[in-house]
Amino acid sequence: MQTSESTIGIVGAGIGGLVAAIALRRAGHDVVVFEQAKQFARVGADINLTPNAVRALDGLGVGDAARVTAARPSHRISRTYDSGEETSRLEMADSAEQRYGAPQLTIHRADLLAALADMFPAERVALGKRAETIAADDNGVTLSFSDGTSARVGALIGADGIHSGVRTAMFGAESPRFTGIVAYRAVVPAERVAGVPNLGAFTKWWGPNPQSQIVTFPLNRGKDIFIFATTPQDTWHLESWTAPGSVDELREQYVAYHPEARALLDACDTVLKTALYERDPMPAWAQGRMALLGDAAHPMLPFMAQGAGMAIEDAVVLSRHLDGVAMADIPAALQAYQTARIERASQVQLGSRGNNWLREGGNADWVYAYDAWAVPLGVPAQGAVAAAA
């Protein structure tokens, strides 16, 4: 893989990394992506792309491909876990498209990654590249990989997740914190739960504490229903996309929930289980010729469903700050990107931790109406702090 000090390197071929790669290449830069996995695999969770994320993807030309397998939830509904009382209902689908310029889409992560990978040259993705050391100087960044190879780039973007090696190289070692929460994930055929109402909606059942909830939404154009449930638990610390859980344990955790919620759990044959980890908001994401995006910068709990959305926004805004920028001016451009993004992402990060957003109505505009292609460059997002408070 040929690189030089005129190349922008990206560590991580996840959603944020690939969006950044496509956008930066479109902005005229030579880009290479380093991914530690030896091949792309169909693993990971199903994700919720709210209008802010879909609009950003549409601007890249990825939106049509994402829509092929995605579902379009009709509403965003909040319900009380035991009584079933509906405490808020937002129209999505066509209403969201009219209001925000894009709908909400719910899609398997692998389908979105495939759509993104189709838009970036495969020969510029280096698989099996686990960075062991990352060293920056005034003119570029040198990466040394576990396979004995190395690469030199003019700038480096860390899109390598919550355990980011680029983040460690920039700011020192710091371990993510276990939240004391575990998450269960399952998919059931919609026909199996046909009698349950609101299957076409994104529904959040708010539990007796901020850590307990059940979220459901349609997948595969409504053919399947995705179930994502969280609960406090101190005995399971494994963070995994693929670790199996117990269906019986899943059902036992939510025996106090409304019959309609429990009917979805009763339909589960298998379930995956993972521990949830987080970090605190960072005071800085950029340093010299390196910068972070997505979970590498602001890993967050899933309670606002904005993890993928924030990574996509980061990537688009980053590309706009680097559009037409000479390599000598990259450090200043990365600082401007940080200024534009850090306040908004930190507020979403804290809001996700608090898990109170849209519980009893409220205005979603400060999240959903954000347009990563139009926000001013080098300027903090307006209105985020007040809206999140």
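Below, the structure is looked at part by part. (Residues numbered from 1 in each chain as written. Predicted model: local features only at pLDDT ≥ 70, side-chain atom pairs only at ≥ 80, totals over all residues. Heavy atoms only, no water.)

## Side note on the overall build of the protein
Here is step 1: On a plain count of helices and strands, the protein comes out with 12 helices and 18 strands.
Here is step 2: Taken along its principal axes, the extent of the C-alpha atoms in the protein is 60 × 40 × 35 Å.
Here is step 3: Looking at the protein residue by residue over its 389 residues, the buried ones come to 56%.
Here is step 4: Accessible area for the protein stands at about 15300 Å²; split by element, carbon and sulfur atoms hold 49% of it.
Here is step 5: Each charge sign in the protein was given a centre, from 33 positive and 42 negative side chains, and these centres are 1 Å apart. (Helix = DSSP H or I, 4+ residues; strand = E, 2+ residues; numbered from the N terminus. Buried < 20%, exposed > 50% of the residue type's maximum accessible area, 1.4 Å probe, protein only. Areas by Shrake-Rupley, 256 points an atom, 1.4 Å probe, with all protein chains shown as cover. Lys, Arg positive; Asp, Glu negative; His and termini not counted. Charge placed at Lys NZ, Arg CZ, Asp CG, Glu CD.)

## Some words on the side chain of arginine 344
Here is step 1: Here arginine 344 is to be found in helix H10 (residues 330-354).
Here is step 2: Here arginine 344 falls in the buried class, since its relative accessible area comes to 1%.
Here is step 3: Of the polar contacts made by the side chain of arginine 344, one reaches the backbone oxygen of tryptophan 366; its length is 2.6 Å.
Here is step 4: Among the polar contacts made by the side chain of arginine 344, one reaches the main-chain carbonyl oxygen of valine 367 at a distance of 3.0 Å. (Polar contact = N/O pair within 3.5 Å; in protein donor to acceptor, adjacent residues only side chain to side chain.)

## Overview of the pattern of salt bridges
Here is step 1: One pass over the full model with this rule turns up 23 salt bridges.
Here is step 2: For arginine 79, the salt bridge is made with glutamate 260, and the minimal N-O distance between the two is 2.7 Å. Here arginine 79 is found in strand E4 (residues 75-80), whereas its partner glutamate 260 is found in helix H8 (residues 259-266), with 181 residues between them in sequence.
Here is step 3: We classify glutamate 260 as partly exposed; its relative accessible area is 23%.
Here is step 4: For glutamate 249, the salt bridge is made with lysine 273, and the minimal N-O distance between the two is 2.8 Å. (Salt bridge = Lys/Arg side-chain N within 4 Å of Asp/Glu carboxyl O.)

## Some remarks on the pairing of E4
Here is step 1: Within E4, five of the six residues are buried, leaving the element largely enclosed by the surrounding structure.
Here is step 2: Hairpin connection, E4 to strand E5 (residues 86-91): the antiparallel pair is bridged by five residues, and glycine 84 has positive phi, about 80°.
Here is step 3: Pairing analysis gives five bridges linking E4 to strand E13 (residues 202-206), with the strands arranged parallel. Among the inter-strand pairings, threonine 80 is bridged to a residue of E13, identified as tryptophan 206. (Pairing = 2+ DSSP bridges.)

## Comments concerning the sheet that holds E5
Here is step 1: Ordered by their spatial adjacency, seven strands build an open sheet running E5-E4-E13-E14-E15-E12-E16, and the pairing between neighbours is mixed. Unpaired on one side and paired on the other, E5 and strand E16 (272-278) mark the two borders of the sheet. Averaged over all pairs of adjacent strands, the angle between strand axes in this sheet comes to 20°, irrespective of strand direction.
Here is step 2: Taken together, the seven bridges between strand E14 (residues 213-219) and strand E15 (residues 224-232) define a ladder with antiparallel strand orientation. Considered in E15, the bridge of glutamine 213 is made with threonine 230. (Axes fitted to C-alpha atoms, helices over the stretch in contact; angles between N-to-C directions.)

## Some remarks on the sheet that holds strand E11 (residues 155-158)
Here is step 1: Across the sheet, six strands lie side by side as E7-E2-E1-E11-E18-E17; this open sheet has mixed pairing. The open sheet has two edge strands, strand E7 (125-127) and strand E17 (286-287), and neither has a second partner.
Here is step 2: Taken together, the three bridges between E11 and strand E18 (residues 290-292) define a ladder with parallel strand orientation. Within E18, the residue paired with isoleucine 157 across the bridge is alanine 291.
Here is step 3: With respect to the sheet, helix H1 (residues 15-26) is in contact with strand E1 (7-11) and strand E2 (30-35), its orientation differing from that of E1 by roughly 165°. (Contact = heavy atoms within 4.5 Å.)

## As for helix H9 (residues 307-322)
Here is step 1: Helix length check: H9 (16 residues) gives 23 Å between terminal C-alpha atoms against 22 Å at 1.5 Å per residue, within 8%.
Here is step 2: Across the 16 residues that make up H9, a large majority, 15, are buried.
Here is step 3: Trailing H9 by a residue or two, glycine 324 shows a phi angle of about 75°, which is positive. (Expected span 1.5 Å × (residues − 1).)

## Things to note about the packing of aromatic side chains
What describes a pair of aromatic rings is the distance from one ring centre to the other and the angle between the planes of the rings.
Here is step 1: Inspection of every chain in the model, using the stated rule, returns nine aromatic pairs.
Here is step 2: Note on tyrosine 81 and tyrosine 257: the rings are 5.2 Å apart at their centroids and 55° apart in plane angle, and the pair reads as tilted. Taken together, the residues span a long stretch of sequence, with tyrosine 81 in the loop between E4 and E5 and tyrosine 257 in the loop between helix H7 (247-253) and H8 at a distance of 176 residues.
Here is step 3: Relative to tyrosine 257, the ring of tyrosine 254 has its centre 5.1 Å away and its plane inclined at 80°; by these criteria the two rings are edge-to-face. Assigned by exposure class, tyrosine 254 and tyrosine 257 land together as buried.
Here is step 4: Three or more aromatic residues link up through ring pairs in this structure, and these residues are Tyr81, Tyr254 and Tyr257.
Here is step 5: Across the ring face of tryptophan 206, the terminal group of lysine 204 is positioned such that the distance to the ring centre comes to 4.0 Å. (Phe/Tyr/Trp six-rings, centres within 6.5 Å; stacked < 30°, edge-to-face > 60°. Lys NZ or Arg CZ within 6 Å of the ring centre and 35° of its normal.)

## Quick word on helix H2 (residues 51-60)
Here is step 1: H2 sits mainly inside the fold: eight of its 10 residues count as buried.
Here is step 2: Listing the buried residues of H2 in full gives Pro51, Asn52, Ala53, Val54, Arg55, Ala56, Leu57 and Leu60.
Here is step 3: Following H2 by one or two positions, glycine 61 adopts a phi angle in the positive range, close to 85°.

## A closer look at unusual backbone geometry
Here is step 1: You will see that alanine 93, though not glycine, has its phi angle at about 50°, which is positive.
Here is step 2: Within the element layout of this structure, alanine 93 appears in helix H4 (residues 93-100).
Here is step 3: Phi at alanine 305 is positive, roughly 55°, even though this residue is not glycine.
Here is step 4: With respect to the helices, strands and loops of the structure, alanine 305 is situated in the loop between E18 and H9.

Fair warning: the whole summary comes from geometry, so function is off the table for now.
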